[in-house]
Each structure stands twice: as C-alpha cells, then as structure tokens.
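Residue strings, one per chain:
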2 protein chains.
Amino acid sequence: MSEKKRGAAIAALKRALGKAVLTGDSLPPRAGIDNARLVFHPSAYIRVENEEQVAKVLLLANKHGVPLTLRGAGSATTGSASPSENGWVLDLTALDSIRIDATAGMAHVGAGATTENINIAAEKEGWFYPPDPSSKKHSTIGGNLATNAGGLRGAKYGVTRDYVFALEGFLPTGERVRWGAPLRKFASGFNVRDLWIGSEGALGVITSATLKLLPKPEARQTFLFGFTSDAQALRAAISVMKARLVPAIMEFMDRQTVDCALRRRREKGPETNRLLKKVTGAFKKAPALLLIELDGRAAVVREDRKHLLELFAKFHGVSARDEAEAESLWEIRRTCSQAMFQMGDTKLNEDIVVPISSYLELLRYTLELKKETGLATPTFGHAADGNFHVHLMYNHGDPAQCRAAERGVKLLMEKVVDLGGAITGEHGIGLAKSPFLKLQHNKAEIEAMLAIKRALDPKDILNPGKMFTPFAMWKHPRDYATVMPWDKH
Amino acid sequence: MSEKKRGAAIAALKRALGKAVLTGDSLPPRAGIDNARLVFHPSAYIRVENEEQVAKVLLLANKHGVPLTLRGAGSATTGSASPSENGWVLDLTALDSIRIDATAGMAHVGAGATTENINIAAEKEGWFYPPDPSSKKHSTIGGNLATNAGGLRGAKYGVTRDYVFALEGFLPTGERVRWGAPLRKFASGFNVRDLWIGSEGALGVITSATLKLLPKPEARQTFLFGFTSDAQALRAAISVMKARLVPAIMEFMDRQTVDCALRRRREKGPETNRLLKKVTGAFKKAPALLLIELDGRAAVVREDRKHLLELFAKFHGVSARDEAEAESLWEIRRTCSQAMFQMGDTKLNEDIVVPISSYLELLRYTLELKKETGLATPTFGHAADGNFHVHLMYNHGDPAQCRAAERGVKLLMEKVVDLGGAITGEHGIGLAKSPFLKLQHNKAEIEAMLAIKRALDPKDILNPGKMFTPFAMWKHPRDYATVMPWDKH
C-alpha cells in the first residue's frame, strides 16, 4: 500500500472513530507486540468502545484494503495478536461487560472481560467457569475464544469451546451476526460458532459471548508428589488415568523444570515453603513432580483422596490441609515459566499433545533433543490430557543456538506428529507454528480451510499472513525488554 | 438431468461399485423415506462397504452432477436423510466398527455403528457415552453427528458435539480428510470438525469418529412425580434448576400427552404398572408428570435424592427401588410418541428450545395454539435444558386440518423466536424446518452459511435443496404404512 493510500485510510478512520484511534507518537508502547514478543509496527491502534465502532472499522478496512489484527490483552504466545502485516490493531478490551444469569447458569460477557473476572462474578453466584489458561488473570475471553484456550483443567473440564452457547459479533465484511443462542440446545443451520472458536481472529470479530457455567465445586484437595525420575512421575500419572480418577489438575514438571524453579527460589533466599521443602528435601537432585488437584462434591473428593493416596502410597508427597497450604503448593508451578530464562534468553514454548500411550516416548525424545541440540528442553504440562509444554531455551544473540533451536523445533514437531499427536493443544498456530501446519494437515484439509477463509473474508482483511504462511520465528528479533502485565521478572 | 445422462451416471457407478449399487426393482423398500415419512424416489441406493467406495461415489457424483443423500438408519425426523432431489442415496450403515480404548477413555467408531452398540461396548469397559437420542437403539453415530443429536440427558451431559475428538471422512469433492485428532486437546487450524457436526450431510461425508467417554456413573435413581397442572410441573422443574440439582434427566409430560398415553395403556387392558398407578391414581384427570433421573457417584446420588425429596415433599411421587422399577417408570414416557396418533394420523414434532424464563409462557402458548387451530398440541420434553417437543396432530386427509397445522406451526415458530428460543434443538432443519430458517437467522448469517457451502461443495452435490430452500411439509403426502424398525404399532 502506498504512503498516500495509507494516510487516506487513517484519515477516514479518524473521521469515523475520533479519539478511539491512536497513531504515530500516541501509539501505546505494546501496540505491536504480544507475548510472542515479535516486534511489528501498526499504522493505527483502535480502542473500540462499542460494537458499532467495530462495524465501522471493518467497513473501512474492507474499503481501503487494510489488514486488521484483533487484540485483547495480547497474552497470545504465537504472535496471533501481533500485527505482522502492520495495518491496524483493533483492541477490544473496553467491551468488558459481565452479567451472570444465576437461574440459567450462564454468563453473558463482552469480548474484553478477563477470564478471571468472569470466574469471580460466577463464583459470587455459586457458579464456576472451568477453563483456566495460565494467563487467566490478564487474558480476555475474546482471546480465549479466538484460540480455544485450554489450561490446566482440560482432562476433566475440557477447553473454552466446551463452555460456549452463543457468540455475537461481525463477519469480516462488517455484517452483524450471532452464532448459536443463549440456550442449552441449538441445532439450526451450520455451526459457524465453533468454526469461529479457535480461528485466531481470521474469520470474524467476536464482540460478546454467552458461556456455560457449572455449579461451583464444593471441595478441592491439592497434593504435591515427588518422583526419582521423570519416567516414574509419568507412569504414576498414567496409573491415575487407568484408575479412572479424573483429577481436575495433574501437572507434570520434569527434573529440568524443577531444577531451575528450585534454583530460582534459592536465589531469593532460603526456602521458606515448608511443604515444598518436605517434598523436594528427600531428593539429592531435583525430583520430578506431579501437582494434583481433586475437586467436586465433598463426598467424592474424600473418596478420591483415599483412592489416590493408596495408589501413590510408595511415593513421597504432601497434601494441603487448607486453601493457604494449597496455594503454597502452587508456588512451585508458578515459578516454572520465568525460571527457565536461566537457561537462555529466548524461549520456544511448544504446547504439543501426545496420546497417553506415547507419554514415555515423548519424554525420552525431549532428552534426546537436549543432547542433539545442546539446548535445555525443560518440559511441564497437563499430564491428564497429554498436553505437554516442551520448551527449547536458547540465546538469541548466539547464531549457533538459533540454528539449534530451529532444528530442534522441527525435529520435535515431526516426532509429535509421528506419535499421532498435535503440534498445538491450546496456543494455536499464529506465526509460531505456521511452518508446521503442513505436518499436521494434508493438502485437502488446508485447501478446505483456505476456501472457508476466502468465502468469509474475500478481501483477506482479518489477520492476513497468519497460520497458512510459514514464518521463521527463530530468525526474528524478540523484545523481552518491554514489560508485559503478566511478567514476574 | 436427462434420462440418458442419468443412465450413463448409474452405469458408471455400477462399473465402479458392482453389487453395492441397487436400482430399479432391487431398491430397498425404505430407500426413499426417513422418519419424516416423506416419499421420494432415488435413482440408486448404494450400500458402501468401505471408505474407498465412498471416495469413488463422490467423484462420480461430482463428475455427473448427481445429488447425493447420506443415510444411516434413516431415523431423522426432518427429511434430512430422504432424497428430496432423487439422485443417489449413500447408505453408510455397513461401516459399523467399534473399538474402545479403555486407557484413553475414547471410542473409535465407524459412521454406521448405532448409538446403543457404542454404549454397550463402552460400558463393558467401565465407560459411558452420554448422548442418548430416543432413537438410540437404531440411529447411527453418523446420523447423530450429522444432526448434532441431543436427547434426554442434555442439561447435565450436553449433546453429541460435546463428545467428539476427531472425525474422518471425505470432502464433498472426494478428498480424504481428518478434522481434530484422537487427543484431548487440539488447536491446529480452523475447526472444520464442529462445522461438519450438525451440517446435516451437506458439507462432507463422515466415515468414522473418535468419541470421548466418561467414567460410567456408579449409581442412578429414577423418580416419577405427578402434578395437578402443567404449570405446577414446570414450576417444580424450575425449582430443581434453581437448587442446582442438575439431574441427568428431567422429562416433562403435559396433561394432553399423559392423557393419551394412559388411554392407550388402558386400551390394552387394566393398568398393571403398580408405580404408575400409584402416581396417576390420585388424579381425577390425567396429571402432568416429571420423570427425573439422578446419576453419578453413589454418595452424590444419595445426597441429591434427599435434597430432591425435600424439595418435592408436597408432591405426589414414587422412586424406583431397583433397575426393574426404574424401567417400569420409563414405560409411560416410552408410550407417549406413538400414543399421540389417537389425536390425528399425522404429526408435526417441533423440537423447539426456550430459555428457562419462558417455560410457562411457552406452555400457555401451546394451549392458546390448541384453541386457535383446533388441533391437539401435546407437549413433552427435556425440562432441564428447555428443549420441549411441541406436537401438532392432524389428519392429513382433512384439508382444513392441514391448513390449521400449517398455520399452527408458523405461529409456534414465530412465538419461539420471540421468546429468544430456537426453532430446533436436536432434530436440525432438513426439509421440515426449512421455511423457518429465516426466522432464526438474519440475512448475513444465511449468506455466510451458503458461502461456506459453495466453498466446500462447489457442485452442490451433498444434500442439495435441504435447509436453505423452503419446503412445505404439510402439503406433501407422508407414508406411515411402511414399517420402520423403531415403530411400535
């Protein structure tokens, strides 16, 4: 697009939306980056205040042929919320209404409401919104819907998609639509609702949603178990699945992960967490860990607790006696993501999924990859649904490490697909996974997706260049200096 | 299509598939009708025996421009499995494999497996497939997926869509695809899986699926309660929802329904069902009924039973002491569908959905409609999810009654949409609901659906003329003489 055309488009945008449009020096500092930390430069940043403005932006973007990137908090890890083709960024965070229908067990929410605020509102009425991406304090429901966000409770409670009755918003061309309805059953017409969910902002703009709530669990019980090896921890996790225990959460942390998390805690002074010390103290090296949470009706949690403790009788573990102790057990898991930066200044976080029959082979492969690439491969994840986060840590300034990371991620993706797994379980494709889409899907599948994209977005306005065009993540500089709201540096 | 072209296409089909192709006198007697009982005449009926044959049929249908109607058992109630544009019928019932993965809690099934057989296989391994359309003994999972079948357990357990990890099959153009994966999380690419589910055979051919299973409930408890009025029964149902009891099943039967069900039972001789007599005996006229089933962990069912009996202390009810008694309580519900034919030889079964706040208004309206049309409007349905089956009973030979039925169904659909409801909760659109699609969806929504259809099925081969082209159900003769496998005449 020529400079003149770009200017004319922005002038029209400003005439239509006034002070909602930020450009030039008034662009917010994080306008061009999401949590993938790639740096791009939008020509305008639009903080819409109502749905009518969304329609106006879409009409203008179509008229002037301007790429449009949708954005909530920007906590996406794949670059799907970063304006890789510049153009305009549409920030929906102001649409943050939340209304709980306590009789129907539904939440009516704006796209900008955060996942945590939705749950807080629901819990006040005795209800519960289960999906819990680890970004939940900041991430908006619009972003959760765009990526079909998962989280720690997936095996028991499913993912975002499992809690959506209706979506309202706009087609890429600007027409207002509703998919589904605020009802428990709906079988009219093609289900575009679920096509929008997980489409990463490429097929429509979600402005509001009606979500399904569950009765708030009466009780929860949190446990932390230590294991002498990663394999022992995974075998223990599989035994839980075979016993049909269905924990709400069963987080695996491998020894590489636990080692750096404990080291980071030690840097801050002597370990003060009594329960954590009790579990890890018995191990000469860092143990592998399983953090397990049972929840539900009190009578069931009591029975399942007994069952779990029998099953794990030979392992070293603690159980929280109250909420405060449960929170203290979570501290170790919450340290993991940031602690890994001890091993490299740059992270590839690969949220792969493998079948339960391949857990041990995946683990073996992360260690082979460590040897093969010379990079740390700390791995943690959701051991009840097979969604493991394998990380490749490297220093971006070191060209040899960059090449090793590139080779490593390719090998990992090939291995995962060989094992019958998924290249992404909850982050989506965005830019980060785009080189691997063809490993996961055959030509006919990709052509069908592209045909749908062309049908709904004929001018290719929404998030162009993502998902289908391979992007070399490891070749692009990334900005870890800009502080994002969720950073715990 | 000319007779010559039609003949050439069939000759090519026979060359490719041999004895799988039935034509002329060898057409099966039910080739042209599904449970909507509309009569059409396909030019060929194809019993495919493997997936390769499906691909061949699709390629030939595209080459020769022949409409293709997919079919399982044919228990669809909307005409979606009947060949309204003649052409070829593709019968997938032979693809009936079932394999349970007991560790992963998944069922790998062919499209032709019946819902009941899947559940029998799952239960052998201690697992449970919750969706239970009332046709489950006969209906195939392929049909359940095509219509996103619901059933009685919707409020607690959701619908078919909620239990699907992966679909395999063919694009309308014949290319083989898989959507989703046999994994608990999958976030790669656009979610065409859920677009296929509920698309009524118009966007692709499902040949197999991987389904999610739940641990089999330890216990269930069945209750039957009688109420002096329909409104009292519905208010009681709402009080259950407000108490967050979440029963597996809460079936409402209005007095019109119960009246004809009891009359039909009396025709067969004196009532022998002790529990049913106990509930209905106290009422001078037929009572309205709620059939309630609690299920889950034994400790929870015990607690919820106590809670429910407290809540319903003032009503007249019985609870089953064992499985045999539970089955005997179900007898009344199972009589309802057929018993209604006392009120007319032809039925419009409208599976509408309304919000919980509109239950009483819907009920009032069914009685207004009865008065307005002079037709019986017996109503039963799933009172925990708002999915009520409102029936209009009429005699097809009586032109005045046909006009009244037509007027009645239009008025009902308008009312339902006014109440914020859905014109269909579990049957889908097919031919029966096609005149009302525009009540439910705006122009932009329908255009988007059609754009997707054109993108995936450019030659309009799969189920053409359904859903989007208004069809006047009440003007077409229907065949109730041909006995379908589920008929209990």
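Quantities reported herein were computed from a predicted structural model and do not represent experimental measurements. (Residues numbered from 1 in each chain as written. Chains lettered and ligands numbered in written order. Predicted model: local features only at pLDDT ≥ 70, side-chain atom pairs only at ≥ 80, totals over all residues. Heavy atoms only, no water.)

### Concerning the environment of Arg321 of chain A
Our working definition: The secondary structure listing takes helices from DSSP runs of H or I that are at least 4 residues long and strands from runs of E that are at least 2 residues long, numbered from the N terminus. Whenever two N or O atoms come within 3.5 Å, that pair is a polar contact, provided that in protein one can donate a hydrogen and the other can accept it, and provided that, for residues adjacent in sequence, both atoms are side-chain atoms.
Checked against the element boundaries, Arg321 of chain A lands in the loop between strand 15 (316–319) and helix 11 (323–339). Side-chain polar atoms of Arg321 of chain A contact the side chain of Glu325 of chain A, separated by 2.4 Å.

### Topic: the sheet that holds strand 5 (residues 98–101) of chain A
Residues and elements named next belong to chain A. This is how it is decided: Pairing between two strands requires that DSSP report at least two bridges joining them. Only C-alpha atoms enter the line fits that serve as axes; for helices the fit covers just the stretch in contact. Angles between N-to-C directions range over 0 to 180 degrees.
Strand order across the open sheet formed by five strands is 5-6-10-8-9, with antiparallel pairing between neighbours. Strand pairing shows two members of the sheet lacking a second neighbour, strand 5 and strand 9 (176–180), which therefore form its edges. With strand direction ignored, the average angle separating the axes of adjacent strands in the sheet is 15°. Two elements, strand 5 and strand 6 (residues 106–110), share four bridges in a ladder whose sense is antiparallel. When the sheet's bridge partners are listed, Asp101 is paired in strand 6 with Met106.

### Let's talk about the relation of the copies chain B and chain A
Counted only if it meets this: A least-squares fit on C-alpha atoms brings the copies together, and the residues used are those whose pLDDT is at least 70 in both copies. The contact criterion used throughout is that any non-hydrogen atoms of two residues lie within 4.5 Å.
Of the transformation placing chain B onto chain A, the axial shift is 0.0 Å and the rotation is 180°, giving an RMSD of 0.0 Å. Given the turn and translation reported, the copies of this chain are related as if by a two-fold rotation axis. In this assembly, 100% of the residues forming the interface of chain B have copies in chain A that are likewise at the interface, indicating an isologous arrangement.

### Observations concerning the pattern of salt bridges
Residues and elements named next belong to chain A. Basically, it comes down to this: By salt bridge we mean one thing: a side-chain nitrogen of Lys or Arg within 4 Å of a carboxyl oxygen of Asp or Glu.
Enumeration over the complete set of coordinates arrives at 71 salt bridges over all chains. A salt bridge links Asp194 to Arg193, with the shortest nitrogen-to-oxygen separation between them at 2.9 Å. Residues Glu327 and Arg220 are paired through a salt bridge, measuring 3.3 Å at the closest nitrogen-oxygen approach. Within this pair, whereas Glu327 is found in helix 11, its partner Arg220 is found in strand 12 (residues 219–227), the two being separated by 107 residues in sequence.

### Some details on the domain arrangement of chain A
Residues and elements named next belong to chain A. We apply this condition: Note that the domain bounds were set by an automatic or database domain assignment. Two parts placed together each lose some accessible area under a 1.4 Å probe, and the buried area is that loss summed for both.
Its domain assignment divides chain A into domain 1 (3–94), domain 2 (98–215) and domain 3 (218–336). On a C-alpha basis, the centroid separation for the pair domain 2 and domain 3 is 30 Å. Contacts between the two partners involve six residues from domain 2, matched on the other side by nine residues from domain 3. Together, the buried faces of domain 2 and domain 3 total about 610 Å²; carbon and sulfur atoms form 55% of this surface. For the domain 2 face of the interface with domain 3, the top three residues by lost area are Leu152, Arg153 and Lys156, together amounting to 78%. In this structure, Lys156 engages Asp295 in a salt bridge whose closest nitrogen and oxygen atoms are separated by 2.7 Å. In this assembly, domain 2 and domain 3 are joined by two residue pairs in polar contact (both at pLDDT 80 or more).

### Re unusual backbone geometry
Residue and element names in this part refer to chain B. Here is the rule: Note on exposure labels: buried denotes an accessible area under 20% of the residue type's maximum, exposed denotes more than 50%, and partly exposed covers the range between, all computed with a 1.4 Å probe on protein chains only.
A positive phi angle is found at Asn148, which is not glycine, with a value near 50°. Residue position: Asn148 is located in the loop between helix 4 (141–147) and helix 5 (154–157). Residue class for Asn148 comes out buried when judged on its relative accessible area of 6%. Within the chain, Asp460 stands out as a residue other than glycine whose phi angle is a positive 55°. In this fold, Asp460 is placed in the segment after helix 15 (443–456). Of the residues examined, Asp460 reaches a relative accessible area of 40% and is grouped as partly exposed.

### Considering the interface of chain B and chain A
On the side of chain A, 81 residues touch chain B, which itself brings 81 residues to the contact. When chain B packs against chain A, the two sides together hide about 6,000 Å² of surface, and 63% of this comes from carbon and sulfur. When the area that chain B buries against chain A is broken down by residue, the three leading residues are Lys185, Phe190 and Arg244 of chain B, summing to 16%. On inspection of chain B and its partner chain A, the count reaches nine salt bridges. Arg161 of chain B is the partner of Asp194 of chain A in a salt bridge, and the nearest nitrogen-oxygen pair spans 4.0 Å.

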